[in-house]
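# Notes for the structure review
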Amino acid sequence: MTDFQDLYGSAPTVVADAPGRVNLIGEHTDYNGGFVLPTAIPQRTTVALTPRRDRAVHVASANTGEPPALREYLIGMENPIHDWIDYVQGITWTLRTAGQRIRGFDAWISSDVPLGSGLSSSAALEVALLRALRAAFDLELDDLALARLGQTAENDFVGAHVGIMDQMAASLADEHTALFLDTRSMAYQRVPLPADLDLIVLNSGVAHDHASGDYNTRRAECERACELLGVRQLRDLGITDLPRTDALPEPLNRRVRHIITENQRVLDAVSAMQVGDLPHLGQLFYASHASMRDDYQISVMEIDMIVELARREPDIYGARLTGGGFGGAVVMLAHKGSGYNVGQRIAQAYAATSGRTPALLVPAKP
Ligand code: ADP
Ligand code: MG
């Protein structure tokens, strides 16, 4: 396997990493000013890096094909080319725009976060690279600033209009707590994951692409609904507003219904976690999935199939699509100790019916 030393002939000065994340509940609420509840997964992206004296950036990734191609550009000459290198260019572009002084560097990226599976490999890359650059060039940036810079890079350079959740999770979450985040005020609280719980994350093998249309279409629909309703963000609405929002034209009424009910489900999920009510937490997962499938319409047949298989398992409390949708992964809550076996069983049944190649990402093999 290639590494930094093979590519550049010496050891890196700096090595930094950041985790992927799974969102437990609160989907597409972040760009509406609402609530989210992600947690870090064990898989991480690592960036090894040595600063250069000139403006050249040399970078290769272990995750973009074999053998890894070395890409080059100059700091100050960033230009999107609709390729993975845009995530790297986006970060240096955003740092420069924010007035941070950086030079060129040699870098090597490697990750075990699956790309394009709803586990936020993009934010893991952005935050790992930002951490490496912060260390290499002594940048004065706190973890919140890193998250915001990552989001700006993805929004304004890559062209994917993602909210702040992924970068906040990559920068601030850990594996033992969920990060309960109010994306409007940016207030956050770490809520311990119940001890008697196994998380399962099953990748459906159906890849999505954030930078493509569907995600941005949902954002535009939410903005249009806000105009029609005369509110700044859908966060400004609550359950008592549903009669009014149901009168919106299709499909805006459904989109709004999802956001309003999903925000409430995040609040209810935090309460359920705090009192350790796993059956209630599980019901909220299933309700969230139905809302994404029917109202927000971001699920696909394969994902629905996994959720239905989960329903037949007595050890599973709840299951739902996680991430931006249109493919990706399902997150499930399982009775402690059962996660790996139940996850494998669902994966096998799903593979047999769908012909897809699923991957059980969490829990790791015992
Ligand atoms: P997700 O964040 O859910 O994995 P995205 O579509 O937001 O999916 O981001 C995936 C894209 O991010 C990849 O197609 C690639 O361009 C870039 N990316 C993520 N991780 C890496 C990596 N380790 N090496 C190179 N590019 C990466
Ligand atoms: Mg992403």
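This write-up is about the structure you can find in this document. (Residues numbered from 1 in each chain as written. Chains lettered and ligands numbered in written order. Predicted model: local features only at pLDDT ≥ 70, side-chain atom pairs only at ≥ 80, totals over all residues. Heavy atoms only, no water.)

With that out of the way, let us pick up helix H11 (residues 339-354). End to end, H11 covers 22 Å across 16 residues, agreeing with the expected 22 Å (1.5 Å per residue, within 8%). Among the residues of H11, Gly 339, Tyr 340, Val 342, Gly 343, Ile 346, Ala 347 and Tyr 350 are the ones counted as buried. Taken around the axis of H11, the buried residues stretch over an arc of 160°, which confines them to a single face. Residues of H11 that are exposed and point more than 90 degrees away from the buried face comprise Asn 341, Gln 348 and Ala 352. (Helix = DSSP H or I, 4+ residues; strand = E, 2+ residues; numbered from the N terminus. Expected span 1.5 Å × (residues − 1). Buried < 20%, exposed > 50% of the residue type's maximum accessible area, 1.4 Å probe, protein only. Arc of directions from axis to C-beta.)

Let us now look at the packing of aromatic side chains. Evaluated as defined, the whole model comprises four aromatic pairs. Aromatic pair Phe 35 and Phe 180: ring centres 5.8 Å apart, planes at 45°, arrangement tilted. Here Phe 35 is found in strand E2 (residues 35-36), whereas its partner Phe 180 is found in strand E7 (residues 177-182), with 145 residues between them in sequence. A single burial state applies to Phe 35 and to Phe 180, both of which are buried. Sitting over the ring of Tyr 286, Arg 311 keeps its end group 4.3 Å from the ring centre. Positioned above the aromatic ring of Phe 285, the side-chain terminus of Arg 320 is 5.9 Å from the ring centre. (Phe/Tyr/Trp six-rings, centres within 6.5 Å; stacked < 30°, edge-to-face > 60°. Lys NZ or Arg CZ within 6 Å of the ring centre and 35° of its normal.)

Contact geometry of helix H10 (residues 301-311) with H11 gives a least axis separation of 10 Å together with a crossing angle of 135°. Between H10 and H11, the crossing angle belongs to the class labelled oblique. Crossing handedness for the pair H10 and H11: right-handed. Contacts between H10 and H11 involve Glu 302, Met 305, Ile 306, Leu 309 and Ala 310 on the former and, on the latter, Ile 346, Ala 349, Tyr 350, Thr 353 and Ser 354. (Axes fitted to C-alpha atoms, helices over the stretch in contact; angles between N-to-C directions. Parallel < 35°, antiparallel > 145°, perpendicular 65-115°, else oblique. Left-handed = near helix turned anticlockwise from the far one by under 90°. Contact = heavy atoms within 4.5 Å.)

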